[in-house]
Amino acid sequence: MTSQPASTATHPVLRVPPASPAAAAAHFGASLAFHTDVSDVAAAFTADGDPGFVLLDARFAESWDQGHVPGAVHLPTAAVAERARDLLDPAVPVVTYCWGPGCNGATRAALALAELGYHVKEMLGGFEHWVREGFEFETREGRERRDPDPLTAPAGSADCGC
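Residues numbered from 1 in each chain as written. Predicted model: local features only at pLDDT ≥ 70, side-chain atom pairs only at ≥ 80, totals over all residues. Heavy atoms only, no water.

1. A few points about helix H5 (residues 105-115)
At step 1: Considered for burial, the residues of H5 that qualify are Gly 105, Ala 106, Ala 109, Ala 110, Ala 112 and Leu 113. For H5, the arc enclosing every buried residue in end-on projection is 165°, short of the 170-degree limit, so these residues lie on one face.
At step 2: Close packing links the buried residues of H5 with strand E2 (54-57), helix H4 (80-87), strand E4 (94-97) and strand E5 (120-124).
At step 3: Count one or two residues on from H5 and you reach Gly 117, which has phi positive near 100°. (Buried < 20%, exposed > 50% of the residue type's maximum accessible area, 1.4 Å probe, protein only. Helix = DSSP H or I, 4+ residues; strand = E, 2+ residues; numbered from the N terminus. Arc of directions from axis to C-beta. Contact = heavy atoms within 4.5 Å.)

2. Examining the nonpolar core
At step 1: In terms of nonpolar packing, the biggest core is built from 16 residues, with Val 41, Leu 55, Val 69, Tyr 97, Met 123 and Trp 130 touching the most fellow members.
At step 2: When residues of this core are traced back to their parent elements, those giving at least two are helix H2 (38-46), E4 and helix H6 (126-132).
At step 3: Setting aside anything within four residues of it in sequence, one finds Tyr 97 in contact with Leu 55, Leu 56, Asp 57, Ala 58, Arg 59, His 68, Val 69, Ala 72, Ala 106, Met 123, Gly 126 and Phe 127.
At step 4: Of all hydrophobic cores here, the second largest spans 14 residues; its members include Val 80, Ala 84, Ala 109 and Ala 112. (Core = buried A, V, L, I, M, F, W, Y, C linked by side-chain atoms within 4.5 Å.)

3. Considering the sheet that holds E4
At step 1: Read across the sheet, five strands follow the order E1-E5-E4-E2-E3 without closing on themselves; strand pairing throughout is parallel. Lying at the two open borders of the sheet, with one neighbouring strand each, are strand E1 (35-37) and strand E3 (73-74).
At step 2: Taken together, the three bridges between E4 and E5 define a ladder with parallel strand orientation. Within E5, the position partnered with Thr 96 by the bridge is Glu 122.
At step 3: Contacting E1 and E5, helix H1 (residues 21-34) runs over the sheet at an angle of about 95° to E5.
At step 4: Packing against the sheet, H2 makes contact with E1, E2, E4 and E5, and its axis sits at approximately 75° to E1. (Pairing = 2+ DSSP bridges. Axes fitted to C-alpha atoms, helices over the stretch in contact; angles between N-to-C directions.)

4. Here we look at the environment of Ala 110
At step 1: Residue position: Ala 110 is located in helix H5.
At step 2: Here Ala 110 falls in the buried class, since its relative accessible area comes to 12%.
At step 3: Considering only alpha carbons, one finds Ala 110 and Val 80, 30 residues apart in sequence, at a separation of 9.3 Å.
At step 4: What Ala 110 contacts, discounting residues up to four positions off in sequence, is Thr 96 and Val 120.

5. Considering the pairing of E2
At step 1: Taken together, the four bridges between E2 and E4 define a ladder with parallel strand orientation. In the strand pairing of E4, Asp 57 is matched with Tyr 97.
At step 2: Assessed by its sense of winding, the connection that carries the chain from E2 through helix H3 (residues 61-66) to E3 is right-handed. (Right-handed = clockwise from strand over helix to strand, strands pointing away.)

6. Quick notes on the side chain of Arg 59
At step 1: Structurally, Arg 59 is set in the loop between E2 and H3.
At step 2: Relative accessible area serves as the criterion here: at 4%, Arg 59 is assigned to the buried category.
At step 3: Reaching out from Arg 59, the side chain makes a polar contact with the side chain of Asp 57 at a distance of 2.7 Å.
At step 4: When neighbours within four sequence positions are excluded, Arg 59 is seen to be in contact with Trp 64, Gly 67, His 68, His 74, Pro 76, Tyr 97, Cys 98, Trp 99 and Phe 127. (Polar contact = N/O pair within 3.5 Å; in protein donor to acceptor, adjacent residues only side chain to side chain.)

7. Remarks on the packing of aromatic side chains
At step 1: In total, this model carries four aromatic pairs according to the counting rule given.
At step 2: Relative to Phe 53, the ring of Phe 45 lies with its centre 5.6 Å away and its plane at 15°, an arrangement referred to as stacked.
At step 3: Sitting over the face of the ring of Trp 99, Arg 59 holds its NZ or CZ atom 4.4 Å from the ring centroid.
At step 4: Stacked on the ring of Phe 127, the Lys or Arg Arg 59 has its end atom at 4.7 Å from the ring centre. (Phe/Tyr/Trp six-rings, centres within 6.5 Å; stacked < 30°, edge-to-face > 60°. Lys NZ or Arg CZ within 6 Å of the ring centre and 35° of its normal.)

Structural data, given as structure tokens:
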């Protein structure tokens, strides 16, 4: 009896075949129009000059006080419709964040801003990954920085290579 190679149709990864290259390019290109990550935001903040966007923390005041990205604007999701026009220039893109991958507050804030006419992206990973990647953050006591988590940031390098 000869063994047959496993059919890709029964393999869980390829049970649904990959999209065509053109469909994949459209999908991933669209994804990048909606999302950025903490490393790219940090790089934009450390470059000389204006990063070209406003970073918005969409969490409640207690969370903001516990820690936030230096330079971020605090505007809880529930207050976006009422306060966005007082705090944000509609001509400047906004990048939203909340706690982390398990929280959809940044997504809800981005939706509310888009409905008000703002150009908006969401920062993937949120505050959790900002801290885990070793970037400086601010609390009510002052600025802090933790060692990078080797599961989210490369050891000994500021550049992940992606």
